[in-house]
Amino acid sequence: MPIDMPDPRSDLEKIPWLTALEPPGWETLLADTRLHQYSGGEVVFLEGDAAARLFVVHQGWAKAVKLSVDGREQILDFIGPGQPVNIAPIFAEHPNPATLIAQESCQMWSISRHTLLALLDQYPAMNRQIIKALAGRLLHAVTLVEDLSLRSVTARLVKLLLMQTQHTDQGAIIRHRWATQAEIAARLGTVPDVVNRALRSLADDGLIAVSRRQIVVLNEAGLKAWLESE
């Protein structure tokens, strides 16, 4: 549902392909920007829905998932503040390829595809940055397929931990309230019991320490060596 809107520009200016806009372009963009509020577990859009608006997270976290007919989910990505969501279907003029679900109370900006395509025609310098963003999403998808096909669950977990430590202090990965083992399992393409065994194995080897609130990487070099030897 739409709510009273703070200034969206601080979030939108962080998106590289919008830096090509000049003042008139920003006026057009901001005039079409809306803010929406979602509760934890609420669906923002479903796979197959028309990609009529681009979404950008303002506050909170959401997940992009593929759902099977029997209800199982494969998490494609977690999206946090300042991150755009559905770039590819917007510019491909294609339906959304995944379902987006709010992980917690979440606010998101939205901008119409019509406005974005018009700005793209007006500011050709946006093209290179958009190509770069789309190429990054493609590489992410290729890596996800590779990991699910060729790596063990423990290797996928180690890779995830190493990636997350790049954005933390002293190797402490804060676990959001929604970051349950079931959520981790859905991201790694497995089940919670297997994730639990993998975490326990890494902890027994002295590589990590696990608590309800955080996972602390005790030996980053050891994790990298483990991954290289996999």
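About the cut-offs
- Residues numbered from 1 in each chain as written.
- Predicted model: local features only at pLDDT ≥ 70, side-chain atom pairs only at ≥ 80, totals over all residues.
- Heavy atoms only, no water.
- Pairing = 2+ DSSP bridges.
- Helix = DSSP H or I, 4+ residues; strand = E, 2+ residues; numbered from the N terminus.
- Axes fitted to C-alpha atoms, helices over the stretch in contact; angles between N-to-C directions.
- Contact = heavy atoms within 4.5 Å.
- Core = buried A, V, L, I, M, F, W, Y, C linked by side-chain atoms within 4.5 Å.
- Buried < 20%, exposed > 50% of the residue type's maximum accessible area, 1.4 Å probe, protein only.
- Phe/Tyr/Trp six-rings, centres within 6.5 Å; stacked < 30°, edge-to-face > 60°.
- Parallel < 35°, antiparallel > 145°, perpendicular 65-115°, else oblique.
- Nonpolar A, V, L, I, M, F, W, Y, C, P; charged D, E, K, R; others polar.
- Polar contact = N/O pair within 3.5 Å; in protein donor to acceptor, adjacent residues only side chain to side chain.

Focus on the sheet that holds strand β4 (residues 62-67)
A sheet is described by the order of its strands in space; here 4 strands give the open sequence β2-β6-β4-β5, paired in antiparallel fashion. Each edge of the open sheet carries a strand with a single partner, namely β2 (43-45) and β5 (73-79). Strand-to-strand twist of the sheet, defined as the mean angle between neighbouring strand axes without regard to direction, takes the value 35°. Where β4 meets strand β6 (residues 99-102), 4 bridges bridge the pair, whose relative direction is antiparallel. Opposite Ala 64, over in β6, you have Leu 100 as the bridge partner. Sheet strands touched by helix α7 (residues 181-188): β4 and β5. Its angle to β5, the strand with the most contacts, is close to 100°.

Topic: the nonpolar core
In terms of nonpolar packing, the biggest core is built from 22 residues, with Trp 17, Leu 18, Leu 29 and Met 126 touching the most fellow members. Taken together, the elements giving at least two residues each to this core come down to α2 (23-31), β3 (53-59), α3 (87-92), β7 (106-112), α4 (113-122) and α5 (126-150). Setting aside residues up to four positions removed in sequence, Met 126 forms contacts with Trp 17, Leu 18, Ala 20, Leu 21, Leu 119 and Leu 120.

So, the packing of aromatic side chains
Tallying each qualifying case throughout the model produces 4 aromatic pairs. Pairwise contacts between aromatic rings join Trp 61, Phe 78 and Trp 178 into one cluster.

What about the pairing of β6?
Burial of the side chains of β6 extends over both faces: Thr 99 and Ile 101 are buried on one face and Leu 100 and Ala 102 on the other. Direction of pairing for β2 relative to β6: antiparallel, over a ladder of 2 bridges. Its bridge partner being in β6, Val 43 is matched across the sheet by Ile 101.

A word on the packing of helix α6 (residues 153-165) against α7
For the pair α6 and α7, interaxial distance at closest approach is 10 Å and the crossing angle is 105°. Classified by the angle their axes make, α6 and α7 are roughly perpendicular. For the pair α6 and α7, contact is made by Val 153, Arg 156, Leu 157, Leu 160, Met 163 and Gln 164 and by Ile 184, Arg 187 and Leu 188, respectively. Tallied by class, the residues present in the contact of α6 with α7 amount to 6 nonpolar, 1 polar and 2 charged.

What to know about unusual backbone geometry
Phi angles above zero are rare outside glycine, and Glu 93 is one such case at about 50°. Positionally, Glu 93 belongs in the loop between α3 and β6.

Topic: the side chain of Glu 104
Structurally, Glu 104 is set in the loop between β6 and β7. For Glu 104, the side chain forms a polar contact with the main-chain nitrogen of Trp 61, separated by 3.2 Å. Among the polar contacts made by the side chain of Glu 104, one reaches the side chain of Trp 178 at a distance of 3.2 Å. Excluding residues within four positions of it along the chain, Glu 104 makes contact with Tyr 38, Ser 39, Gly 40, Gly 60, Trp 61, Arg 177 and Trp 178.

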